[in-house]
Structure formats: structure tokens, C-alpha cells
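Overview (structure and organization)
Residue-level listing of the chains:
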Amino acid sequence: MTDSSLPPRLPPAPRRRVLTADDYFDGVVQGNLAMLARAFTLVESSAPKHHAIAEELLTRLMPHSGTGLRIGITGAPGAGKSTFIEALGLLLVQQHGLRVAVLAVDPSSGVTGGSILGDKTRMGRLAAEENAFIRPSPSAGTLGGVANKTRECMLVAEAAGFDVVLVETVGVGQSETMVAEMTDCFLGLMLPGAGDELQGIKRGLLELLDVIAVNKADGKNAEAAALAARQYHNALDSLSGRQSSETPAIMTCSALAKIGIDGVWDAVQSKCDARRKSGAFRRRRKEQNLRWLWAIVEDQLRQALHTHPGVQEICEDVENQVLAGVMPPAVGARRLMDVIIKT
Ligand code: GDP
């Protein structure tokens, strides 16, 4: 007997086939966006069962990558990063005929599971473009782990034929150094009204930046933006140790009114061109690859340490003894390390 008030039974959903490395590889090099998204998910996965296939995929994609221009973009929350990236992305896609991928290193995502950078809904118009792809920050692991995953996604995006990879981060802690170290050119978006203290900008950051763009140079902010740009000039003049070809270009722009975005792009390109001519471009990428190698080793060592059963067995006892002041931290560290080294 059937109950006619029940909805008809739907046929079971087809089981999703487990993809092989060939499926991922073919999909990515053909520029298939659905497959690109799945390849990002694969390389971002921290599940051990995905490691072998992710490594095979990355190895096979390697000869197809390296062709994109890698641009890092940083700025304080509210500086206008997503507005700017959308404006720049649309300019590159619509006027220059380029394919643009946007990735992110969100320092909050690995640590708190929260998000400073939000997600791609912020760049709805760019996301709707056929030749643009926006991927939020990987969320698992340490900041170093997040940065390593973003680097891998960058290779995958290049192999999928993206000409420009924009890597967004936020002006908090170590993440800026990490993004500067994975890109060819690093752009800082600043707010106007910098004041004498230049928004407390860290000297270290000024040394990382290749292009400084004071954003929101529109309406009543235009003058304040021009003044801030002059102050950055002065601040940089007083910084020694950087060759003049390496001093950052400084300009104003308005991401909202779309003023000066092409000027920022020109500055980014001329920085990259100068580096190509001097050989610094290739040298920098090689050095970045070596640093990347060691960053992964360190990340994996840290993970191995924290997940090792032998370490877990004794770590509470070691911590308690260090807390109680009866074991010097160096002795505790040695006991923990011995577990790893001797197994
Ligand atoms: P993010 O936090 O750095 O990604 O900043 P958003 O792009 O979300 O921008 C923060 C706020 O600043 C939003 O209300 C934007 O509309 C505004 N904004 C961004 N760029 C400009 C600009 O060039 N001019 C003006 N007046 N406002 C802007």
C-alpha cells in the first residue's frame, strides 16, 4: 500500500566518483573552473589520504606553472582592499584581456577559525567574470601552514592559465612578510590622513613594499591622500639601505571612483620589468622556492611533534614539571625532542 500524501521518492543521488590525479590534472590544465576549485580543495586538505594525490598533482602541474605574475596586496582592515582588488581585477580582465585569480592569506583563519578578510561575496562583480577566480583563504593550521597552502594554490592557478595571481593579506603580524616572500611585487594600500606618525606604520613593512598606493583619494579625502603620499615619500627618503631602483613607487588612487587604478598597475608592471631586466625576478623566485621548502619542512616538523603519540604521552608531565619550576625548559625540550629523534 502506498501513501499518496508522501512526496515521491527521489532516485538516490549519483555517488561522486573519486577523482584521480589524471582527472585533476586534465581539468586544471584545460582551465575547467569547477575542477580548479576541487584541485584547490585537494591541495588545501590536511587529511593524510589526500597527500599523495596532491603531491602527484603538484609535481605534474609544476612545468605548467610559474608563468603568472604574482602580486601581493596588503592594507589595514577598511583600507579598501576588496574594493581595490575588484577594481583592479575588472580592469585587467575587461581592458587587458587577462585572467585573474585572487587568493588570500588570512592570519585570523588558522588561529581563531574567524576571518578578517571575509570571503568572495565581497567581490561579487569580479567573481561573476568568466576570466576571474576568487578563492578565500585556506583555514586550517598555523599561519605558516595557511601560507604554504596558498603558495600551492598559486601554482595550480597558474597551471590553469591565470595570468595574474593577486594574493591578499591584512596588515597584521607575520602574514605580510609571508605574502611578500611568495610574490613578485608587493603593494600596500594605505588610508589618507596618515598624520605625522604615518599610522604607526612599521619600518619593516615599508621595506617590504614595492608600491604604496594611498587609497580613497576622492572627494574631500583627495587632499589628505596627496599629503599622505608626500609623507610616505619623506619617510622613505630617511630610510637608508635600499637601492634607489628598489625604493617603492608612491601614488594615490580611488578604488571606489576607479581613479588611478591603471597607474597602480603600471607601477607594478614597471617594478616587475626592472627586476626582469636585472635578473632579480628569477633570482627572487628561486630564493622563494628554497624558503618555501624549509617553511614546509618546519611546518611538518611542528605538526609531527604535536601529533606524535609518544610526545602526547609525556608532554603533560613535562609541562607540569616546567610549570612547577623543577625542570628547566631546556631539559623538558630535550625530553620531548628525544621522543621524535629516537623513533
Ligand atoms: P578592506 O577591509 O580593506 O577589504 O576594505 P573594503 O574594500 O571593504 O572597504 C572598506 C570601506 O571603504 C567600504 O565602505 C568601501 O566602500 C570604502 N572604500 C573602499 N575604497 C574606497 C575609495 O577609494 N574611496 C572611498 N571614499 N571609499 C572607499
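Coordinates for the structure precede this section.
Presented here is a report on the structure given in the accompanying data block. (Residues numbered from 1 in each chain as written. Predicted model: local features only at pLDDT ≥ 70, side-chain atom pairs only at ≥ 80, totals over all residues. Heavy atoms only, no water.)

Here we look at the nonpolar core
If you look at the biggest cluster of nonpolar residues, it comprises 51 residues, and the most contacted ones within it are Tyr24, Phe40, Val156, Ile212 and Tyr232. Take this core: its biggest share by element is 8 residues, from helix H7 (residues 143-159). (Core = buried A, V, L, I, M, F, W, Y, C linked by side-chain atoms within 4.5 Å. Buried < 20%, exposed > 50% of the residue type's maximum accessible area, 1.4 Å probe, protein only. Helix = DSSP H or I, 4+ residues; strand = E, 2+ residues; numbered from the N terminus.)

Let's talk about the sheet that holds strand E7 (residues 249-252)
Ordered by their spatial adjacency, 7 strands build an open sheet running E3-E2-E4-E1-E5-E6-E7, and the pairing between neighbours is parallel. On the outer flanks of this sheet lie strand E3 (132-134) and E7, each paired with one strand and no other. Mean inter-strand twist for the sheet, computed between neighbouring axes without regard to direction, equals 20°. As defined by bridge partners, strand E1 (residues 69-75) adjoins strand E5 (residues 185-190) across 5 bridges and the pair is classed as parallel. Paired with Ile73 across the bridge in E5 is Leu187. (Pairing = 2+ DSSP bridges. Axes fitted to C-alpha atoms, helices over the stretch in contact; angles between N-to-C directions.)

Let's talk about the pattern of salt bridges
Scanning the entire structure with this criterion turns up 11 salt bridges. For the salt bridge of Glu181 with Arg291, the shortest nitrogen-to-oxygen distance reads 3.6 Å. Taken as a pair, Glu181 in the loop between helix H8 (175-180) and E5 and Arg291 in helix H12 (residues 280-307) lie far apart in primary sequence, 110 residues in all. Overall, the relative accessible area of 27% leaves Glu181 in the partly exposed class. (Salt bridge = Lys/Arg side-chain N within 4 Å of Asp/Glu carboxyl O.)

Let's talk about the pairing of E1
Put simply, side chains in a regular strand alternate between the two faces of the sheet. Here E1 lies mainly inside the structure; 7 of its 7 residues are buried. Here E1 shows a buried face lined by Leu69, Ile71, Ile73 and Gly75 and a second buried face lined by Arg70, Gly72 and Thr74. Direction of pairing for E1 relative to strand E4 (residues 164-169): parallel, over a ladder of 5 bridges. The residue of E4 that forms the bridge with Ile71 is Leu166.

That is the geometry; function is a separate question.
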